[in-house]
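Results of the structural survey
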Amino acid sequence: MNRHLTVAAAQMGPIARNETREQVVERLLALLADAHSRGAELVVFPELALTTFFPRWYIEDEAEMLSWFEHEMPSPATKPLFEEAARLGVGFCLGYAELHTDEDGTTHRYNTQMLVERDGSVVGKFRKVHIPGHEEHEPWREFQHAERHYFEPGPHGFEVWRAFGSVVGMAICNDRRWPETYRVMGLQGAELILIGYNTPLHYAPDPQQNALAGFHNHLVLQSGAYQNGCYVVGVAKGGEEEGVDSLAQSVIVAPSGQIVAQCITNGDEVAVARLDLDYCDFYKNTLFDFHRYRLPEHYGLISSQRGAVEPPDAQEETE
Ligand code: ING
């Protein structure tokens, strides 16, 4: 009997700047109930699902900046979500801004996703690795994308966990655009990768890309799934949020690269699919049998070199 898991992409529409955590949790509870009523065992929420996408503003006041972060998870405001999910026996993946303090008292600000099992236990946390955008205020932009002002990269890279009867990994937003993200988890046997995102439809450094936002989103999610023989769930916070129109189009993608479920609005919407986890083997044991076909001895540059290094100019060679 094949292993099955019913998964929901719980897309959110805009979260207003003045929407309280409690108001947002009400929306998350409604999405959870909808997903559960449709058989979902795992519900995936977007990146930074508790607040508006605050990196669109460059906030220097420390207290105001930290007001967007969670000092604990679950917090008093999110406890109802954890309790209801456990009551329903539904696991979930929740994106939020995390303020973390090390044993030595150092504080860190991460863009984080937490994975919670159906019994309410915390499976693990992922901290976004690829932090896009910019560090300083860039007033030339219609709106900021100052994630590098707010977040530092996660220190643990891309881990996977045995959970939900599967091998589950996580990534956040810009991580989904880098093939290394999926391959590192694919090399750990990931069968299911959960990815929340907030993607403005306007890309200030190259507005030509604006019209391709939806194509690029599905391109990278489908490629990652296919090339690693795993399911990928991409979940948006979309719609026009504080004047910034953001991509929705949440999807659940199969190891074949096919989209098995998708959201059709840019608001709060649940898309559900019953996944056959053993279907991954049709790709992991054939075309993408890593152990049989990969040749790491030829891939060294991928992990040893950061930026591109071009060959020397022709005339240099003759000198
Ligand atoms: N957002 C973006 C992403 O990779 C971005 C960065 C913004 C890309 C606008 C393209 C256009 O989807 C996050 N949050 O990483």
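Everything discussed here concerns the structure shown above.
Cut-offs and rules
- Residues numbered from 1 in each chain as written.
- Predicted model: local features only at pLDDT ≥ 70, side-chain atom pairs only at ≥ 80, totals over all residues.
- Heavy atoms only, no water.
- Helix = DSSP H or I, 4+ residues; strand = E, 2+ residues; numbered from the N terminus.
- Buried < 20%, exposed > 50% of the residue type's maximum accessible area, 1.4 Å probe, protein only.
- Contact = heavy atoms within 4.5 Å.
- Pairing = 2+ DSSP bridges.
- Axes fitted to C-alpha atoms, helices over the stretch in contact; angles between N-to-C directions.
- Near = heavy atom within 4 Å.
- Polar contact = N/O pair within 3.5 Å; in protein donor to acceptor, adjacent residues only side chain to side chain.
- Nonpolar A, V, L, I, M, F, W, Y, C, P; charged D, E, K, R; others polar.

Points about the overall build of the chain
Of the regular secondary structure elements, the chain holds 10 helices and 14 strands. Projected onto its principal axes, the C-alpha positions of the chain cover 70 × 55 × 45 Å. For the chain, the residues scored as buried account for 53% of the 319 residues in total. The long-range fraction of contacts in the chain, counting pairs at least 24 apart against all pairs at least 6 apart in sequence, stands at 70%.

Digging into the sheet that holds strand 2 (residues 42-44)
The strand order across the open sheet built from 6 strands is 5-4-3-2-1-14, with neighbouring strands paired in mixed fashion. This sheet does not close on itself; its edge strands, each paired only once, are strand 5 (122-127) and strand 14 (269-276). On average, each strand axis in the sheet is inclined to that of its neighbour by 30°, with strand direction left out of account. Judged from the 3 bridges that link them, strand 2 and strand 3 (residues 91-101) form a sheet pairing that is parallel. Residue pairing in the sheet places Val44 in a bridge with Cys93 of strand 3. Helix-sheet contacts for helix 1 (residues 21-37) involve strand 1 (4-11), strand 2, strand 3 and strand 14, and the interaxial angle to strand 14 is about 40°. Across the face of the sheet, helix 3 (residues 79-88) comes into contact with strand 3 and strand 4 (107-116) while running at roughly 150° to strand 3.

Re the environment of Leu81
One can find Leu81 in helix 3. In this structure Leu81 comes out as buried when scored by relative accessible area, which is 0%. Once the C-alpha coordinates of Leu81 and Val25 are considered, the two residues, 56 residues apart in sequence, prove to be 6.7 Å apart. Once residues within four sequence positions are removed from consideration, Leu81 is found in contact with Val25, Leu28, Leu29, Leu32, Phe45, Phe92 and Leu94.

Re the pairing of strand 6 (residues 160-163)
Bridge analysis of strand 6 against strand 7 (residues 166-172) gives 4 bridges, and the strand direction is antiparallel. The residue of strand 7 that forms the bridge with Val160 is Gly169. Between strand 6 and strand 7, which pair antiparallel and follow one another directly, the connecting turn spans 2 residues, one of which, Phe164, has a positive phi of 55°.

What about the sheet that holds strand 9 (residues 231-236)?
The mixed open sheet is built from 6 strands, whose spatial order is 6-7-8-9-12-13. The two strands at the open ends of the sheet, each matched to only one other strand, are strand 6 and strand 13 (259-262). Taken pair by pair, the neighbouring strands of this sheet meet at an average axis angle of 20°, ignoring direction. Relative to the sheet, helix 5 (residues 179-186) contacts strand 6, strand 7, strand 8 (192-197) and strand 9, its axis offset from that of strand 7 by approximately 160°. The strands touched by helix 6 (residues 213-228) are strand 8, strand 9, strand 12 (251-253) and strand 13; relative to strand 12, the strand with the most contacts, the crossing angle is about 30°.

Considerations on the site of the ligand
Around the ligand sit 14 residues, and of these Glu147, Cys173, Asn174, Arg177 and Thr199 come closest. A distance of 3.4 Å separates a nitrogen atom of the ligand from a polar side-chain atom of Glu47. Side-chain polar atom of Asn174 to an oxygen atom of the ligand: 2.8 Å apart, as the coordinates give it. Its residues assigned to classes, the shell around the ligand comprises 5 nonpolar, 4 polar and 5 charged.

What is shown is where atoms sit, not what they do.
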